[in-house]
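# Structural features, examined
Okay, here's what each chain looks like letter by letter:
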Amino acid sequence: MAKITKLDDIVSLCRRRGFIFQSSEIYGGLASCYDYGPLGVELKNNVKRAWWKSVVQMRDDVVGLDCSILMHPLVWKASGHADKFADLIAECKKCNTRSRVDHLQNHAGEHTEHVPVETAMAEAGNLADKVCPNCGTVGKFTEPMPFKLMFETQMGANADDSMTLYLRPETAQGIFANFRNVLDTTRVKIPFGIAQIGKSFRNEVTTKAFIFRTREFEQAEIEFFCEPGTDEQWYEHWKETRFEWYTNLGIKKENLRFRNHDPDELAHYAKACADVEYKFPFGSGDWQELEGVANRTDYDLRRHQRGMRTLNSWYENNGDLSKIDLKEEAEDFYKGPLSYFDEQAKKRYIPYVIEPSAGIDRSALAFLVDAYDEEQVRGETRNLLRFHPDLAPVKAAVFPLVKKDGMPEIARNIYDQLKKYFNCFYDQKGAVGRRYRRQDEAGTPFCITVDGQTREDNTVTIRERDSMEQIRVSTDKLLNYIREKLEV
Ligand code: GAP
């Protein structure tokens, strides 16, 4: 098994094979933004499809949602992002590069989430022995300062009635904001979850790790609502379920692990949190977060129930979020719209939430890196991507052995039939061995070749990517044979 050992190798593999390109490359590129090419978009769509199938389609207790990226600014006041979603940074006095303080301190955390800025500043510690990652200078940093992570934008055409909005930094809040809508319009009962896939935006300080940490990325999040007291059991359930999702789709067990957050690392509202980590072959060769599973208690619904009561004050203050305080919880708080009434037990409560929150781009990168392999075949190096069939961008390639004797027509006909069911690729250029290699590099599980024998007995060759074994299958059984193997 060959492994990719450097980030540069991953970047060049993705570029060469049309998986991922730098955004706006023809203009010199836009830092930390990336475009998915023809194979990349198929891979990414397959990752999203596999996630959706596993957490929505195959379950009776999770429903889907697709919220808008722009939301009312009070959402971000209530969630805590407007005041606290910042990283603490320090600037190197020699080269002016800004670094995240937690990264200088080698803390693995994803970001400073909902930690009051004053607390983070107080805990920042001494940077006297810290090294600038850009120029190597030791201990020449400015005092730590907060750096806000949300992108701002303006909505409205007229200067006097335009409003400052934020590009959402997570999809989760759209789910909380729709909790009541989903309850009122579907037949869900607690325990149940709401799942969403969508773009999120963060003005990250540290990027430079390809699509691992970007300023525009896609998240796949579930908010699973349950009765307080059952939360610990659901937390364990989701940890196990999400871990298995990665291994079932081919991530090698030795490259995946859980890291439970230490109590002092937990966001103040979280009762427990664990990261699913993948052993990415870059940086310090360290384990890096793919997904977080958190027990968020009733924090978010409570905050939004309080936030909803600040609407008048928001108007009175011309939308200035800094002037708005979330009201204390009034006596009738538990009767509020974000509470839940359990008909059977005749009791009302604010549900607890278990949140498995995954990054689609990071998962796609991990699946790609894990699938990469090189082997020696008859004195030549064969490069291949051993994707799980559900993730392979192309499921089958169809070739005529040569461009004559009616073979292209038969092959095209087979291709036209198969592509109704799954992604296929037709190729008649060059030696068949070269065509096999190209498909190995794209991770295509099956190659189908029409040859001289096809016209005699209606059979074709099917070559399997990983073993390179070839068998003959009659054309009328071809579709079922491949669908059975692909389980589609
Ligand atoms: N709602 C909880 C939440 O957003 P998070 O740990 O900040 O939690 C969840 O993000 C996941 O989103 C991460 O585990 C990671 O996979 C992905 N993610 C976060 N920031 C990212 C970034 N800048 N670039 C790519 N993926 C990111």
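Above: the structure in question.
Residues numbered from 1 in each chain as written. Predicted model: local features only at pLDDT ≥ 70, side-chain atom pairs only at ≥ 80, totals over all residues. Heavy atoms only, no water.

## Remarks on the sheet that holds strand 5 (residues 98-100)
This is how the line gets drawn: Strand pairing requires that DSSP identify at least two bridges connecting the strands. Segments assigned H or I by DSSP are reported as helices when at least four residues long, segments assigned E as strands when at least two residues long, and all are numbered from the N terminus. Lines fitted to C-alpha atoms define the axes here, with helix axes fitted over just the stretch in contact, and angles between the N-to-C directions of these axes take values from 0 to 180 degrees.
With antiparallel pairing, three strands are arranged side by side in an open sheet as 5-4-6. On the outer flanks of this sheet lie strand 5 and strand 6 (145-148), each paired with one strand and no other. Along the sheet, successive strands turn relative to each other by an average axial angle of 50°, direction set aside. Pairing of strand 4 (residues 86-91) with strand 5 involves three bridges; the strand directions are antiparallel. The residue bridging A90 from the neighbouring strand is S99, located in strand 5.

## Considering unusual backbone geometry
Definition in use: Buried, partly exposed and exposed residues are distinguished by accessible area as a fraction of the type maximum, computed with a 1.4 Å probe on protein chains only: under 20%, between the cut-offs, and over 50%, respectively.
Residue P191 is bonded to the preceding I190 through a cis peptide linkage, with omega at 10°. For N96, which is not a glycine, the phi torsion comes out positive at approximately 65°. Tracing the backbone shows N96 in the loop between strand 4 and strand 5. Within the chain, R378 stands out as a residue other than glycine whose phi angle is a positive 45°. Tracing the backbone through its elements, the reader meets R378 in the loop between strand 17 (372-377) and strand 18 (380-385). R378 gets classed as exposed once you look at its relative accessible area, which sits at 78%.

## A word on helix 2 (residues 38-57)
Formally: By definition here, a helix of n residues has an expected span of 1.5 Å times n minus one.
The end-to-end C-alpha separation of helix 2 is 26 Å, in line with the 28 Å expected for 20 residues at 1.5 Å each. By the burial criterion, the buried members of helix 2 are L39, G40, L43, K44, N46, V47, K48, A50, W51, V55 and V56.

## Considering the packing of helix 2 against helix 12 (residues 360-371)
Applied cut-off: In these notes the angle categories are as follows: under 35 degrees is roughly parallel, over 145 is roughly antiparallel, 65 to 115 is roughly perpendicular, and the rest is oblique. Take the far helix as the reference: if the near one is turned anticlockwise from it by less than a right angle, the crossing is left-handed, and if turned clockwise, right-handed. Whether two residues are in contact is decided by their heavy atoms: any pair within 4.5 Å suffices.
Close contact between helix 2 and helix 12 brings their axes to 10 Å; oriented N to C, the two are set at 110°. Considering their axes alone, helix 2 and helix 12 lie roughly perpendicular with respect to each other. Every pair of crossing elements has a handedness; the one defined by helix 2 and helix 12 is right-handed. On helix 12, the residues that touch L43, K44, V47 and K48 of helix 2 are I360, D361, S363, A364, F367 and L368.

## Examining the packing of aromatic side chains
Pairs of aromatic rings are described using the distance from one ring centre to the other and the angle between the two planes. The cut-off we apply is this: Between rings of Phe, Tyr and Trp, where Trp is taken as its six-membered ring, a pair exists when centres lie within 6.5 Å; planes separated by under 30 degrees are stacked, by over 60 edge-to-face, and by other angles tilted.
Throughout the structure, instances matching the rule amount to 21 aromatic pairs. With centroids separated by 4.3 Å and ring planes inclined at 15°, the aromatic side chains of Y269 and Y299 adopt a geometry described as stacked. Placement of Y269 in the loop between strand 11 (256-260) and strand 12 (272-279) and of Y299 in helix 10 (residues 299-308) is noted, with a sequence separation of 30 residues between them. Note on Y299: relative accessible area 10%, which makes it buried. Through a chain of ring-to-ring contacts, the aromatic side chains of F176, F179, F192 and F225 assemble into a single cluster.

## Observations regarding the side chain of R306
With respect to the helices and strands, the residue R306 is situated in helix 10. Residue R306 is classed as buried on the basis of its relative accessible area of 16%. When residues no more than four places from it in sequence are discounted, the contact partners of R306 are L326, K327, E328, E329 and F333.

## Some thoughts on the sheet that holds strand 23 (residues 470-474)
On the basis of which strands lie adjacent, the open sheet formed by five strands has the order 20-19-21-22-23 and mixed pairing. Strands with a single pairing partner mark the edges of an open sheet, and in this sheet they are strand 20 (424-426) and strand 23. Across this sheet, the average inter-strand angle for adjacent strands is 25°, counted without regard to direction. Bridge count between strand 19 (residues 396-400) and strand 20: three bridges; the pairing is parallel.

## Some details on the environment of I350
Within the element layout of this structure, I350 appears in the loop between strand 15 (347-349) and strand 16 (352-359). The exposure class assigned to I350 is buried, which follows from its relative accessible area of 2%. The residues contacting I350, other than those within four sequence positions of it, are P228, D298, L301, R302, Q305, F333, Y334, L338 and S339.

## Regarding the environment of D320
We apply this condition: Nitrogen and oxygen atoms within 3.5 Å of one another constitute a polar contact, given that in protein one can donate a hydrogen and the other can accept it, and given that sequence-neighbouring residues count only through two side-chain atoms.
Along the chain, D320 falls in the loop between helix 11 (311-316) and strand 14 (340-342). Each C-alpha atom of the pair D320 and M163 lies 9.9 Å from the other, and the pair is 157 residues apart in sequence. In terms of polar contacts, D320 uses its side chain to reach the side chain of S322, at 2.6 Å.

## Quick word on the nonpolar core
Convention followed: Here, nonpolar core means buried Ala, Val, Leu, Ile, Met, Phe, Trp, Tyr and Cys residues that are tied together by side-chain atoms lying within 4.5 Å of each other.
With 60 residues, the main nonpolar core has F19, W238, Y246 and L365 as its most contacted residues. The biggest single contributor to this core is helix 12, with eight residues. Once residues within four sequence positions are removed from consideration, F19 is found in contact with C14, D35, Y36, G37, L39, G40, L43, L368, L385, F387, P393 and A442. Core analysis: the next-biggest nonpolar cluster, separate from the first, contains 20 residues, F176, F179, V182 and I190 among them.

## Quick look at the state of the cysteines
Stated precisely, the cut-off is as follows: The rule for a disulfide is simple: a pair of cysteine sulfur atoms within 2.5 Å.
Taken as a whole, this structure holds zero disulfides when the rule is applied. Free of any disulfide, C424 has its nearest neighbouring cysteine sulfur in C447, separated by 11 Å. Since its relative accessible area comes to 2%, C447 is described here as buried.

## Considerations on the pattern of salt bridges
Our working rule: What counts as a salt bridge is simple: a side-chain nitrogen of Lys or Arg found within 4 Å of a carboxyl oxygen of Asp or Glu.
Applying the stated criterion to the full structure yields 39 salt bridges. A salt bridge links D83 to K77; its shortest N-O distance comes to 3.0 Å. Across the pair R386 and D373 runs a salt bridge whose closest N-O atoms are separated by 2.8 Å. In this pair, R386 is assigned in the loop between strand 18 and strand 19 and D373 in strand 17, connecting sequence segments 13 residues apart. On the accessibility criterion, D373 (3% relative accessible area) is buried. One network of salt bridges, in which partners are shared, links D373, E375, R382, R386, D440, R463, R465 and D466.

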